[in-house]
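Spelled out, the chains give:
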Amino acid sequence: MIKHLKKYALIACSLFVLAACDLEIDITNPGLIAEKPQDKPQVGETITYRAQVWVEKNDMEELYGGERLFRQNLEALFRNTTTFWNESTNKFDYRFEWVVGEGDDNLVIYEIGSGVKTKEQYNVYKNKAYGTLNTEKYDFVLFLALNCPKGEGGLSCGGGGASKQSVVQSYFEGSHDIFAKKWPEKGTYSDLGHEYGHVRGAQDLYQYMIPAENNPISHVAYDYPKCNMGTGYQEWSDYCSAVFNHNAQYKQITSDMTRSTYPKQMLVRVTKDGKPVQRATVNFWGSRASFRDIYAAPGNSPYMKKKTDANGELTINDIYRMFIPDYNNTPNLPPKSPVDEFPFSRWYCFVVEVELDGGQTKCVWLSDLDIVPEYLNGGQQEPYEFEIQIK
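Per chain, residues are indexed from 1 in the order of the written sequence. Per-residue local features are limited, in this predicted model, to residues with pLDDT of at least 70; the limit for side-chain atom pairs, both in listing and counting, is 80 or more; totals at the level of whole chains, interfaces and linings are taken over all residues. Processing note: side-chain calculations cover all non-hydrogen atoms of the structure and skip hydrogens and water entirely.

(A) Quick peek at the packing of helix α2 (residues 67-87) against helix α4 (residues 188-199). Running from N to C, α2 and α4 cross one another at 65°; their axes reach a closest spacing of 9 Å. In this structure, α2 meets α4 at a crossing whose hand is right-handed. Counted together, L77, F78, N80, T81, F84 and W85 of α2 and Y189, S190, L192, G193, H194, Y196 and G197 of α4 form the full contact between these two elements. For the contact of α2 with α4, the class distribution of residues is seven nonpolar, six polar and no charged. Working convention: axes come from line fits to C-alpha atoms, limited for helices to the stretch in contact. Angles between N-to-C directions cover 0 to 180 degrees. What counts as a helix is a DSSP run of H or I of at least four residues, what counts as a strand is a run of E of at least two, and both are numbered from the N terminus. Crossing chirality is assigned from the near helix's rotation relative to the far helix, an anticlockwise turn below a right angle marking it left-handed and a clockwise turn marking it right-handed. By definition, residues are in contact when any of their heavy atoms lie within 4.5 Å. Residue type decides the class: Asp, Glu, Lys and Arg count as charged, Ala, Val, Leu, Ile, Met, Phe, Trp, Tyr, Cys and Pro as nonpolar, and the leftover types, Gly among them, as polar.

(B) Region of interest: the side chain of R346. In this structure, R346 sits in the loop between α6 (319-323) and β15 (349-355). Under the rule applied, a polar contact is a pair of N or O atoms within 3.5 Å (in protein, one hydrogen donor and one hydrogen acceptor; residues adjacent in sequence only if both atoms are side-chain atoms). There is a polar contact of 2.7 Å between the side chain of R346 and the side chain of D368.

(C) Structural detail: the packing of helix α5 (residues 238-247) against helix α7 (residues 368-376). Between α5 and α7, the least distance of the axes is 8 Å, while the angle of their chain directions is 45°. Classified by the angle their axes make, α5 and α7 are oblique. Seen from above, α5 lies across α7 with left-handed handedness. Contact with α5, carried on its side by D238, Y239, A242, V243 and H246, involves D368, L369, V372, P373 and L376 of α7 and no other residues of that element. Along the lines of polarity and charge, the residues of the contact of α5 with α7 split into seven nonpolar, one polar and two charged. Should an angle fall under 35 degrees it is taken as roughly parallel, and over 145 as roughly antiparallel, whereas 65 to 115 is taken as roughly perpendicular and any remaining angle as oblique.

(D) Layout of the packing of aromatic side chains. Think of it this way: a Phe, Tyr or Trp ring, Trp meaning its six-membered ring, pairs with another when their centres are within 6.5 Å, and the plane angle makes it stacked under 30 degrees, edge-to-face over 60, tilted otherwise. If you walk through the whole model with that rule in mind, you get 42 aromatic pairs. Both rings, one in Y64 and one in F179, keep their centres 5.3 Å apart while their planes meet at 80°; by these two values the pair is edge-to-face. Remark: F179 occurs in the loop between β8 (167-173) and α4 and Y64 occurs in helix α1 (residues 57-64); sequence separation between them is 115 residues. The pair formed by Y64 and F179 is uniform in burial state, with each residue classed as buried. Aromatic pair Y110 and F143: ring centres 5.4 Å apart, planes at 15°, arrangement stacked. Of this pair, Y110 sits in strand β5 (residues 107-110) while F143 is found in strand β6 (residues 140-148), placing the two residues 33 residues apart along the sequence. Judged by relative accessible area, which is 4%, Y110 ranks as buried. The classification of residues rests on relative accessible area computed with a 1.4 Å probe and restricted to protein chains. Under 20% of the type maximum is buried, over 50% is exposed, and intermediate values are partly exposed. Overall, the relative accessible area of 0% leaves F143 in the buried class.

Right, here's the structure in full:
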């Protein structure tokens, strides 16, 4: 099989960009797919993901006209999300469908009381949504809190349910009508479509929006792809398409990106004018969520420092762990306390810096948003090859 070698040409101190990703969940532990291996679906097949929906009784009656009307509008909401997923530009192998499950407890109606309710009141029931789920009927939970105080709305996705289900947590102010907007106008259905991207294993791409001023190594902004995961609308990145295709038949997956989406090894090769650069020092500087920066404050060491061998090469033996380190057993990581300076306990992309004679350096970006689709789509095999060409 022919290997496609990824090459990055560097001129002076310029930095050529790859692409980049984040879940809204702490991912300190390696992930494994929750279900036993299954036969891969046929290309073009419809893959259906079934929700159990939780809603507060008074919210439904006071704001949405009661259970019958709410159910009708809920079905339409899910149809709009399905359209949003499949009509957005993509490289899907399948049609993905989002529906309310068909069990007799597909709508869990919990009761707190009339009027506006605090997030703390809602969270008593949200926590229960992480309990045992009948995965013969449902694949995930959509938890709705529809009458929150002003300023307390927001959507997120959590993993780690008792049945390995994800829970999409959706808090809205009472003045917000979740059914008002329909495809193609951006609305709650598309916001939920973004969260369902997390359900299927994708990261938030907005965590890769690193401006030049937040990159003290090469002073070049990261060129992130447009995507429904926070950097665009009506468009799925190649990364998301690859992950969704790869995970399609698994109805519950772990909260983090699974090891199986990453190649095991990476061969980094440094060349100059076509010849190997021997004994070159190669530094890996990581980017963080929330800060959206390269963690390279004065006094910080690179996350990794390696040297090329006589062939101008070096090997990284666990790419997954390079991005998602074992925090307690890995040096040169940002502190987690007293302030969490390493949100989600993972790196998102790297500036790879090659030290040259005379104090010069050459830099490129390295991102799992390139590694993952290239590997899953067969463009790269083991080991993943990453070449830095110096001109």
